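Observations on the three-dimensional arrangement
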Amino acid sequence: MCSPILELKTAIASAPFRIAPEREYELADWCNNEQISMDLVYAPGFIFQVYTTKRIIQISIATLEYLWATAHTHLVLCDEYYKAQDVNIKAQRNDWEPFDTGANTRSKDALDLSLWAMANILGSGVETWPHVLPKPKSEPENGSGIHKANELFLCAFAWIMHHELAHIRLGHNSLFTMRSMEEEIEADVVATRWILEKCTDRRQAQKRTYGIVAAILSLIALSTPAKQNVFQTHPQAFERIDN
């Protein structure tokens, strides 16, 4: 039942520090003082839960798998779209061919993986990763599709982690209250500022921003109350992107 996402376990643990290396020591000191710990569990559901009193952030393996799968799909569809546009331009078409998201094996596999990850997160949470579909690797070829998916996934994961850490910084309660929705918005803002406000490199800021957007986009397919009632306490994904 060992998931391929666990090949990235070391990178996952360091992602909140790596995403903003200019604040790495500041974060390390704060985490040590607060005695923050991360707990990975095999369980169904989108579990990325902070227990502010215990200083524990609990994450399900299925959530990590889903986040990687959606990050991979975003990159593949974007890449395939650009290729399709390039073909149309080179052919100097007057009637451009529409872009078909499942037109080739690469894009179909990416979509199938996201569908599997979604079904797993909404089901048992412990289904075996399909061996015929793309998967994370700890040392992929630099610049390859898997390498890029790893990087986008780690940035997305880091932002969600900083969102949960922000709940601790802001003294929020782990339980549902009348301020829960407001607290989620506050945590989004604090996490985003932590990652971006001291970054002076434009390309790095762009990469981090892509990660933030990828994290929020991954929630869209899960954001109906019928599927995940946790989102009754969170803003809708499109509102979070707009913010």
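Residues numbered from 1 in each chain as written. Predicted model: local features only at pLDDT ≥ 70, side-chain atom pairs only at ≥ 80, totals over all residues. Heavy atoms only, no water.

**Quick word on the confidence of the model for the protein chain**
Note the threshold: One confidence number per residue, pLDDT, is output by the predictor and ranges from 0 to 100. Under the DSSP-based scheme used, a helix requires at least four consecutive residues in state H or I and a strand at least two consecutive residues in state E, with every element numbered from the N terminus. Contacts are assigned to residue pairs that have any heavy atoms within 4.5 Å of one another.
Taken over all residues, the pLDDT of the protein chain has a mean of 91, while the share at 70 or more is 91%. Within the protein chain, the lowest mean pLDDT, 85, falls on helix α8 (residues 237-242), and the highest, 98, falls on helix α1 (residues 9-18). Segment residues 225-230 is flagged for pLDDT under 50; beyond a separation of four residues in sequence, or across chains, it makes nine contacts in the model.

**Let's talk about unusual backbone geometry**
Peptide bonds are trans in most cases, and residues, glycine excluded, mostly fall at negative phi. With phi around 55°, Gln 35 is a residue other than glycine that occupies positive phi space. Structurally, the position occupied by Gln 35 is in the loop between α2 (24-34) and β1 (37-41). One non-glycine residue, Arg 55, lies in the positive phi region at around 65°.

**Some points on the nonpolar core**
The following threshold applies: In this description, a nonpolar core means a group of buried Ala, Val, Leu, Ile, Met, Phe, Trp, Tyr and Cys residues linked to one another through side-chain atoms lying within 4.5 Å. For every residue, the accessible area (1.4 Å probe, protein chains only) is compared with the maximum for its type, and the residue is labelled buried under 20%, exposed over 50%, or partly exposed between those bounds.
By size, the foremost hydrophobic cluster in this structure holds 53 residues, and its most contacted members are Ile 5, Ile 12, Phe 48, Trp 68, Phe 153, Phe 157 and Trp 159. No other element matches the 14 residues that helix α5 (residues 145-169) contributes to this core. Residues within four places of Ile 5 in sequence aside, it is in contact with Ile 12, Ile 61, Leu 64, Glu 65, Trp 68, Pro 136 and Phe 153.

**A closer look at α1**
Formally: Regarding the arc, it is the one traced by the directions from the helix axis to the C-beta atoms.
Taken as a whole, α1 has its buried residues at Ile 12, Ala 15 and Pro 16. Across the axial projection of α1, the buried residues extend over an arc of 80°, all falling on one side.

**A look at the sheet that holds β1**
Heads up, the rule is: Pairing between strands requires that DSSP locate at least two bridges from one strand to the other. Note on geometry: axes are lines fitted to C-alpha atoms, helical ones only across the stretch in contact, with angles between N-to-C directions running from 0 to 180 degrees.
Taken together, three strands build an open sheet; the order of strands is β1-β3-β2 and the sheet is mixed. Since the sheet does not close on itself, it has two edges, and those belong to β1 and β2 (48-51), each with one partner. Adjacent strand axes in the sheet meet at a mean angle of 20° when their direction is disregarded. Where β2 lies against strand β3 (residues 56-60), four bridges are found, and the strand directions are antiparallel. In the strand pairing of β3, Gln 49 is matched with Gln 58. This element, α5, spans β1, β2 and β3 of the sheet and lies at about 25° to β2.

**Some remarks on the environment of Lys 108**
As for its position among the elements, Lys 108 is in helix α4 (residues 105-122). Here Lys 108 falls in the partly exposed class, since its relative accessible area comes to 46%. Taking C-alpha positions, Lys 108 is 24 Å from Leu 6, a pair spaced 102 residues apart along the chain. Apart from residues lying up to four places away in sequence, Lys 108 is in contact with Thr 101 and Gly 102.

**So, α2**
All of the buried residues in α2 are Leu 27, Trp 30 and Cys 31. All buried residues of α2 fall inside an arc of 100° around its axis, so they share one side. Residues of α2 that are exposed and point over 90 degrees away from its buried face: Tyr 25, Asn 32 and Asn 33. Buried residues along α2 sit against α1, α5 and α6 (180-196). Downstream of α2 by one or two residues, Gln 35 has phi in the positive range, about 55°.

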